Amino acid sequence: MSARNSSILQACSSSSFTRQPSRVLIVDASPPWWSETCTVLCQALEDFFFLASSLAGPVRLPLLSVFAISVQLECLLPFVQVKGNLTRLLSCVEELRSLPQEGCVRQRGSLLKQAVLDSLQQFKQYMCHTAHGDFNSNFVEVTVLTCQSGQTVLRQLEQDLKNSDLMSLRRLLVVHITLQQSLSDRSPACSLETPSSEDDHEESPLLGTEMELQLVEGTVVALENALKMWLHDQGGDREQLHLLLPPSLTAQGSTPHPANNRPSPVCLKCDMQERLLSPALLPSTSDLGVKTESMHDFQPPNKSLANPSAQRLRVVKVLHADGVCQSVLYGLPLVIRPTSCWQLDWDEMETNHQTFHALCHILKTRDWFLLVRSDPGSGSGSGSGVFSYYVLQSSGSLSLLLKPVLTRELMLPCSLPVSMEDPPLPALATVESSLEQLEKDPVFNPLCLDSNLYLHLRFRGLLTRSSQPFGAQGQGRGHRRGASRPPEGSTQRQGRQSQSRARATVAPLQSIPLNKMPRPSLNLSHSRPCAPALFFQDSYEEEDPLITQ
């Protein structure tokens, strides 16, 4: 298995993305709003299709179908698999661009209902006549993109579909694209995602179907984020993480364990969500997100091994340290320090050291980070023009910390709600009592952490050695002894003596006749014990020719 494939397996767990639903996109391209949203929506769709069709790993978006409501209802794209189907996806975008931007549309509500029902019928026929071994979900989620009032469209769909067969429809999302003139009196925080109004909290007449409303700003980036929600893991049948805190000493937080009647730890059940797409999932872009796992991976490839070139990072911006969210940093860090290369002139090395010291001092005193970008002139010769961005962090020593930073293409939308209220007092007392039992360290020292890795590697190495048959362990020794065996007779002794002399790494001692060479007596009781590691050494070394004579 190649290193790239192993990175893909690490980026995606095998148990994830097993219940991804198929998607139906219904675009309300009716005039006159279509003339204002056509350009940005088609650009966002193109960018999303470029990304989704190229992703390796498990299937995040199994099937997609696209409908458009213009002068009439059109199915621009029947259900197709997204991965590896870029040509058909782009042709769908071109057909969307060619729709008329002027005209009159009648009975728009009935066309929306027909689009939803046609998509469900099309999905049912696809599942009946096609082998679908790459995905396990038999449900569909329908997304309606419109510039009309989202509340009006949502209520209209509820009334039109209440008597229809919607068994395979799991979720119906109406995305209201807000135009610039309607954003003048709205705060920017409400332009991307806004919870539905109080009317949306009423019980929906469509049993088994979630109906939601979302406000999205009419920009390329906002529409991309709305589409990238499809790439998240949708398998929310149960919680994904249990966070265990020490048992609480309060009456509410202490629950005795049924087995030993001891207080149980405080268990917080959580869900996890990806913040970015790993660059390892895009195998055709080796320049994107250059790995920092080792120096060999970070250095640019060179055709000349005798004169390797250095990686070039160009500083593009100064960042305030408190304005950098840790969720946009990923990968393993590298430590940067002034060079001590012996090929540099002494004066140049001293000047470089002083300048580096000044940079570290300024960043530390002003609490700044540096945003740097890989120079395409020093990257690989692929000519793709893909940049990688990094953040340089200062430290108390004469060094900088280099960490990769997230870019727009790899970023996944993540809703991070902020609670304006304090938690309830009983819950607050439970958590405080639990945390008070933990040991507090003013300075984190990773040398005090033992992951049991050495024991695991030892057990794995001994198990691998013991699983080999005895004949296979001695096969290499016998083959080597037989391959170096000289012909019978006196030439055998001479060949072995010459071979021993050829293997020597020090000058031999002066030759002494055998009858005069002292031989120390072997005392087993006072001999030095053999090291345990010697028992694992190969014993195919040739005998000393002086002893065999």
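Analysis parameters
- Residues numbered from 1 in each chain as written.
- Predicted model: local features only at pLDDT ≥ 70, side-chain atom pairs only at ≥ 80, totals over all residues.
- Heavy atoms only, no water.
- Patch = residues over 30% accessible without salt bridge, like charges linked within 9 Å, V, L, I, M, F, W, Y side chains within 5 Å.
- Areas by Shrake-Rupley, 256 points an atom, 1.4 Å probe, with all protein chains shown as cover.
- Salt bridge = Lys/Arg side-chain N within 4 Å of Asp/Glu carboxyl O.
- Lys, Arg positive; Asp, Glu negative; His and termini not counted.
- Charge placed at Lys NZ, Arg CZ, Asp CG, Glu CD.
- Helix = DSSP H or I, 4+ residues; strand = E, 2+ residues; numbered from the N terminus.
- Buried < 20%, exposed > 50% of the residue type's maximum accessible area, 1.4 Å probe, protein only.
- Pairing = 2+ DSSP bridges.
- Axes fitted to C-alpha atoms, helices over the stretch in contact; angles between N-to-C directions.
- Contact = heavy atoms within 4.5 Å.
- Core = buried A, V, L, I, M, F, W, Y, C linked by side-chain atoms within 4.5 Å.
- Parallel < 35°, antiparallel > 145°, perpendicular 65-115°, else oblique.
- Left-handed = near helix turned anticlockwise from the far one by under 90°.
- Nonpolar A, V, L, I, M, F, W, Y, C, P; charged D, E, K, R; others polar.

- The name an unreviewed UniProt entry assigns to the chain is Meiosis 1 arrest protein, from the organism Culter alburnus.

### Considerations on a negative patch on the surface
- Among the surface-exposed residues, Asp345, Asp347, Glu348 and Glu350 lie close enough to one another that they form a single negatively charged patch.
- You can see Glu350 is positioned in helix 9 (residues 346-366).
- A residue is classified by how much of its surface remains accessible, and Glu350, at 39% relative accessible area, is partly exposed.

### Quick notes on the sheet that holds strand 12 (residues 389-394)
- The five strands lie next to each other as 9-11-12-13-10, forming an open sheet whose pairing is antiparallel. Bordering the open sheet on either side are strand 9 (313-320) and strand 10 (334-336), each of which pairs with just one other strand. Strand-to-strand twist in this sheet, taken as the mean axis angle between neighbours without regard to direction, amounts to 30 degrees.
- Relative to strand 12, strand 11 (residues 368-374) is paired through five bridges, and the arrangement is antiparallel. For Leu370, the partnering residue across the bridge sits in strand 12 and is Leu392.

### Concerning the sheet that holds strand 6 (residues 210-217)
- The strand order 3-2-1-4-5-6 describes an open sheet built from six strands, whose pairing is mixed. If you trace the sheet from one side to the other, it starts and ends with strand 3 (73-81) and strand 6, each paired once. When the angles between neighbouring strand axes are averaged without regard to direction, this sheet yields 15 degrees.
- The pairing of strand 1 (residues 22-28) with strand 2 (residues 63-69) spans six bridges and is classified as parallel. Its bridge partner being in strand 2, Leu25 is matched across the sheet by Val66.
- With respect to the sheet, helix 7 (residues 220-228) is in contact with strand 5 (169-178) and strand 6, its orientation differing from that of strand 6 by roughly 155 degrees.

### Some details on the nonpolar core
- Trp34 and Leu96 are the most contacted members of the largest nonpolar core, which totals 57 residues.
- Mapped by element, the contributors of at least two residues to this core are strand 1, helix 2 (34-52), strand 2, strand 3, helix 3 (86-97), strand 5, helix 7 and strand 11.
- In terms of residue count, the dominant contributor to this core is helix 2 (10 residues).
- When neighbours within four sequence positions are excluded, Leu96 is seen to be in contact with Val27, Trp34, Cys42, Leu45, Ala68 and Leu76.
- Ranked by size, the runner-up nonpolar core spans 28 residues in total, among them Phe123, Met127, Val174 and Leu213.

### Things to note about the packing of helix 2 against helix 7
- At a closest axis distance of 9 Å, the pairing of helix 2 and helix 7 adopts a crossing angle of 45 degrees. Classified by the angle their axes make, helix 2 and helix 7 are oblique. In this structure, helix 2 crosses over helix 7, and the sense of that crossing is right-handed. In contact with Val40, Leu41, Gln43, Ala44, Leu45, Asp47, Phe48 and Leu51 of helix 2, helix 7 contributes Val220, Leu223, Glu224, Leu227 and Lys228.
- Grouping the constituent residues of the contact of helix 2 with helix 7 by class yields nine nonpolar, one polar and three charged.

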